[in-house]
Amino acid sequence: MTDTIISSANREHIIGSDHPFTLIGERINPTGRKILAEEMKAGDYSRVEADALAQVAAGAQMLDVNAGIPLADEPALLAKAITLVQSITDVPLSIDSSIIDALEAGLAVYQGKALVNSVTGEDEVLERVLPLVARYGAAVVAISNDETGISEDPNERFKVAKKIVERASDFGIPASDVVIDPLVMPIGAMRFAGRQVFDILGRIRDELGCNTTCGASNISFGLPERNGINGAFLSMAISAGMTSAITNPCHEEVMRSVMAADVLMGNDPDCLAWIRKYRAEPVAGTDGARGRRVTRRRRS
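This structure is a prediction, so every number in the text was calculated from the model and none was measured.

With that settled, consider the overall build of the protein. Counting its secondary structure elements, the protein contains 10 helices and 12 strands. Taking 2.2 N^0.38 as the reference for a compact globule, 300 residues should give roughly 19 Å; the C-alpha atoms of the protein span a radius of gyration of 21 Å, in line with that estimate. The C-alpha extent of the protein, read off along each of the three principal axes, is 90 × 45 × 40 Å. Within the protein, buried positions represent 47% of all 300 residues. Considering only contacts within the protein whose residues lie at least 6 apart along the sequence, 68% involve residues at least 24 apart. When the accessible surface of the protein is split by element, carbon and sulfur atoms take 50% of a total near 14,700 Å². The distance from the centre of the 31 positive side-chain charges to the centre of the 40 negative ones in the protein is 13 Å.

With respect to the helices and strands, the residue alanine 142 is situated in strand 7 (residues 139-143). Put simply, alanine 142 and alanine 168 are 26 residues apart on the chain and 9.7 Å apart in space, counted from C-alpha to C-alpha. Ignoring anything within four residues of it in the chain, the contact list for alanine 142 reads Val119, Ile164, Val178, Val179, Ile180 and Asp181.

As enumerated under the stated definition, the model contains 2 aromatic pairs in all. When the centroid spacing of 4.4 Å and the interplanar angle of 45 degrees are considered together, the rings of tryptophan 274 and tyrosine 278 count as tilted. You can see tryptophan 274 and its partner tyrosine 278 sitting in helix 10 (residues 272-278), 4 residues apart, about one turn around the helix. Look at tyrosine 278 and you get partly exposed, because its relative accessible area is 27%. Here the basic side chain of arginine 203 rests over the ring of phenylalanine 158, its NZ or CZ set 3.8 Å away from the ring centre.

With respect to the helices, strands and loops of the structure, aspartate 146 is situated in the loop between strand 7 and helix 6 (154-170). There is no salt bridge for the buried aspartate 146, and the closest opposite charge comes from lysine 163, which lies 5.2 Å off by N-O distance. Engagement of the side chain of aspartate 146 in a polar contact is seen with the side chain of threonine 148, the distance being 2.6 Å. Leaving out residues up to four positions away in the same chain, aspartate 146 has contacts with Gly121, Glu122 and Val160.

Our focus in this paragraph is the packing of helix 7 (residues 193-208) against helix 8 (residues 226-240). Across the interface, helix 7 lies against helix 8 with an axial gap of 8 Å and an inter-helix angle of 35 degrees. Between helix 7 and helix 8 lies a crossing of right-handed hand. Where helix 7 approaches helix 8, its residues Val197, Phe198, Leu201, Gly202 and Arg205 are matched on the opposing element by Phe233, Met236, Ala237 and Ala240. Partitioned by chemical class, the residues of the contact of helix 7 with helix 8 number 7 nonpolar, 1 polar and 1 charged.

A sheet is described by the order of its strands in space; here 8 strands give the open sequence 9-8-7-6-5-4-3-10, paired in parallel fashion. A single partner strand is all that each edge strand has here, and the edge strands are strand 9 (211-212) and strand 10 (244-247). Pairing of strand 7 with strand 8 (residues 178-181), which is carried by 4 bridges, proceeds in the parallel orientation. Within strand 8, the residue paired with alanine 142 across the bridge is isoleucine 180. Each of strand 6 (115-119), strand 7 and strand 8 is contacted by helix 6, which is oriented at about 165 degrees to strand 8, the strand it contacts most.

Reading guide: rules and limits
- Residues numbered from 1 in each chain as written.
- Predicted model: local features only at pLDDT ≥ 70, side-chain atom pairs only at ≥ 80, totals over all residues.
- Heavy atoms only, no water.
- Helix = DSSP H or I, 4+ residues; strand = E, 2+ residues; numbered from the N terminus.
- Rg over C-alpha atoms; globule rule 2.2 N^0.38 Å.
- Buried < 20%, exposed > 50% of the residue type's maximum accessible area, 1.4 Å probe, protein only.
- Contact = heavy atoms within 4.5 Å.
- Areas by Shrake-Rupley, 256 points an atom, 1.4 Å probe, with all protein chains shown as cover.
- Lys, Arg positive; Asp, Glu negative; His and termini not counted.
- Charge placed at Lys NZ, Arg CZ, Asp CG, Glu CD.
- Phe/Tyr/Trp six-rings, centres within 6.5 Å; stacked < 30°, edge-to-face > 60°.
- Lys NZ or Arg CZ within 6 Å of the ring centre and 35° of its normal.
- Salt bridge = Lys/Arg side-chain N within 4 Å of Asp/Glu carboxyl O.
- Polar contact = N/O pair within 3.5 Å; in protein donor to acceptor, adjacent residues only side chain to side chain.
- Axes fitted to C-alpha atoms, helices over the stretch in contact; angles between N-to-C directions.
- Left-handed = near helix turned anticlockwise from the far one by under 90°.
- Nonpolar A, V, L, I, M, F, W, Y, C, P; charged D, E, K, R; others polar.
- Pairing = 2+ DSSP bridges.

Shown next as structure tokens:
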């Protein structure tokens with residue numbers, strides 16, 4: 001099976017089907033978060049710090065860091081955010097930007113082997129992003145759309161993914177360092193959005209030798225009780241072969257679904273992670289080993 005190795009300065013993390021599912025925390029992203037965007041523009045990174053620590057405490061093995069704020073100096077903001085996050089936690093990071101200068105600024109300050117998020121199948125984008133990924137020895141998220149847009153046909157998405165993997169190889173980037181995002185669309189707008197993803201995951205693993213990721217929260221956009229949908233989607237995606245996702249680990253329903261899927265896929269040996277998190281503490285006055293209340297006999 002394929003392993004994608006990402007690292008910080010002193011911690012290594014493996015994305016792969018023989019390992020627990022990788023949760024990449026999504027919260028350090030000002031998109032749709034007006035207060036966070038204004039704070040970052042003003043040089044206040046206290047919320048970035050709090051989000052980083054909360055996501056790691058909730059179980060994220062990696063963090064996605066994005067600084068995409070309109071009319072702001074994104075390269076400088078992204079570099080500062082990455083430096084801060086790496087100073088307070090040792091989990092590896094995904095450097096998230098569509099701007100090449102911002103990606104380069106982030107990679108320049110990053111300590112370890114980063115995951116670059118992302119590259120698409122457009123020829124111009126490939127020619128700009130892949131040399132940067134190769135130069136810094138990073139791994140890269142490959143989003144399976146190109147100049148024609150996002151196809152509803154899983155076969156077309158697979159073709160785009162294959163093109164990116166082949167082009168990456170031209171730059172010396174192995175398939176193991178290309179993490180494919182098959183694109184999760186809102187199920188409320190596209191009835192078979194879930195099936196489209198499930199249908200392609202096995203092919204990516206078996207034919208391209210790549211790991212996979214997605215923006216998992218997209219699946220439930222516009223629906224009520226989103227965490228229930230997100231958790232169910234992730235457990236089904238894991239069974240179909242998905243090995244990582246960018247999502248919010250602070251949602252208990254999502255974490256529970258992912259951890260249960262790890263148990264059922266055999267990637268939580270002896271169910272130890274599940275037991276550590278969910279085992280009930282013995283009630284005072286009970287025999288914890290037997291789960292039986294200890295009572296005293298009355299004297300007659």
